[in-house]
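Inside the fold
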Amino acid sequence: MPKPKTTFMFPGQGSQQPGMATRVLQVSPSSKKIFDEANEVVKFDLLKLCTIGSEAELTNTIVTQPAIVTTSLALLNALNEKLSTKGVTILPAILSGHSLGLLTAAIASNSLTFSQGIEIASKRADIMQKNYSASPLGMTSIIGLNINQVTEICNEATQSHVERVDIANLNLSNQFVISGHLKAIHHAETIAKAMHAKVISLKLKVSSHTSLHKDQSNQFAAFLNDYNFLEPDTPILSNISSKLLDSAEKIKNELSNQIHKPVYWYKNMEILSLEKISYFIEVGPGHTLSRLVKRYNRDATTLAISKEIVEPTPFTNLLNMKGLSNG
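Let me sum up the structure you'll find in this document. The model shown is predicted, which means the values in this text are computed figures rather than measured ones.

Right, let's talk about the packing of aromatic side chains for a bit. In total, this model carries two aromatic pairs according to the counting rule given. For the ring pair Phe223 and Tyr227, a centre distance of 5.3 Å and an interplane angle of 55° mean the geometry is tilted. Members of the aromatic cluster, connected to one another through ring pairs, are Phe220, Phe223 and Tyr227.

Given below as structure tokens:
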């Protein structure tokens, strides 16, 4: 009987939360070295921000993006440490990441070094932050409508090239994130509420994954040209095409275009299902991706590592998964 297949899922911007690195540092003291290395790159105290930083400080895009990448990789380090003491090895069949999480996946696949990844995360954040300074932008979640309805809402709320909103994330068949200029977003929220949809304004000051970021995407692509990506140890699932990224060139191309292209997460879940993935392990702050998988398939087996490490005996649930070890 074949062993169950696993994916590691890395979350994106919006998963940050105060104290998100506190527990992992207690469980895995060696994870501090990861934050120390990140601090050298970003030139500010990321460790302090990820342990005692306020919600407002963590919402600053310049902080958010390297913070999520670093915390996610610290959690991965803690997971591998714990498994090694039990003689267990997990070799995921596929890595998956939501938006920024795809950069984390690139580091986890050894296509990039950790320091390269943090440099790239910081540059990505800087480019996106400058765009917000020029024009107030934001993102909002709309739940309970289908794609045609949300598309119509965006079309109606878009009045001009400086008052535009588009679908940025297609998370489930009835859950979307729209992104764009704040005036257009507020207009779209009003329409969606009138249609009895659930509307959640996200604490993000960017318009990720829309054509508004085309120029910034080009800047980022030019920046990435200076980096030598390596062939990945494990293929990564594209947010754009939902195809497997199994080469250095494909990963670089994905990251180059990701800022202005929508995230087709529900398509990713379809592909993971077709690939016979049995275990969906979320490695990063929060458990948003685990919940999305459960809503897509209630029978899926999911685990969020950030929740596993707060249990009285960390990782017990994971170690009890049947046939998980590939070692």
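With antiparallel pairing, four strands are arranged side by side in an open sheet as β4-β5-β3-β6. Edge positions in the sheet fall to β4 (165–172) and β6 (198–201), since each has one partner strand and no second. Taking each pair of neighbouring strands and ignoring which way they run, the sheet shows an average axis angle of 25°. The pairing of strand β3 (residues 137–143) with β6 spans four bridges and is classified as antiparallel.

Looking now at the sheet that holds strand β7 (residues 236–237). Strand order in the open sheet made by the six strands is β8-β7-β2-β1-β9-β10, with mixed pairing throughout. Two strands close off the open sheet at either side, each with one partner strand: β8 (244–245) and β10 (301–304). Here strand β2 (residues 94–97) pairs with β7 via two bridges, running parallel. Along β7, the bridge assignment pairs Leu95 with Ile236. Strand contacts of helix α13 (residues 288–296): β1 (5–10), β9 (277–282) and β10, with the helix running at about 165° to β10, the strand carrying the most contacts.

What follows covers the pairing of β9. Across the six residues of β9, five count as buried, placing the element largely inside the fold. Of the strand pairs in this sheet, β1 and β9 are connected by five bridges, and their pairing is parallel. Paired with Lys5 across the strands is Ile277, a residue of β9. Where β9 lies against β10, four bridges are found, and the strand directions are parallel. Looking across to β10, one finds that Glu282 is bridged to Ala304. Taking the sense of rotation as the criterion, the β-α-β connection linking β9, α13 and β10 turns out right-handed.

A few words now on helix α8 (residues 147–157). Every buried residue belonging to α8 is among Val150, Ile153, Cys154 and Ala157, and all of these are buried. Taken end-on, α8 shows its buried residues confined to a sector of 95°, consistent with a single buried face. In α8, the exposed positions angled more than 90 degrees off the buried face are occupied by Asn148, Glu152 and Asn155. Turning to α8, the residues buried within the fold contact β3, β4, β5 (175–181) and α9 (182–194). The N-terminus of α8 is capped by Asn146, whose side-chain oxygen sits 3.0 Å from the backbone nitrogen of Asn148.

Let us look at the packing of helix α5 (residues 61–85) against helix α6 (residues 101–108). At a closest axis distance of 10 Å, the pairing of α5 and α6 adopts a crossing angle of 45°. With respect to their mutual orientation, α5 and α6 come out oblique. When you trace α5 past α6, the crossing you get is right-handed. Contacts between α5 and α6 involve Val69, Ser72, Leu73 and Leu76 on the former and, on the latter, Thr104, Ile107 and Ala108.

Conventions we followed
Residues numbered from 1 in each chain as written. Predicted model: local features only at pLDDT ≥ 70, side-chain atom pairs only at ≥ 80, totals over all residues. Heavy atoms only, no water. Phe/Tyr/Trp six-rings, centres within 6.5 Å; stacked < 30°, edge-to-face > 60°. Pairing = 2+ DSSP bridges. Helix = DSSP H or I, 4+ residues; strand = E, 2+ residues; numbered from the N terminus. Axes fitted to C-alpha atoms, helices over the stretch in contact; angles between N-to-C directions. Contact = heavy atoms within 4.5 Å. Buried < 20%, exposed > 50% of the residue type's maximum accessible area, 1.4 Å probe, protein only. Right-handed = clockwise from strand over helix to strand, strands pointing away. Arc of directions from axis to C-beta. Polar contact = N/O pair within 3.5 Å; in protein donor to acceptor, adjacent residues only side chain to side chain. Parallel < 35°, antiparallel > 145°, perpendicular 65-115°, else oblique. Left-handed = near helix turned anticlockwise from the far one by under 90°.

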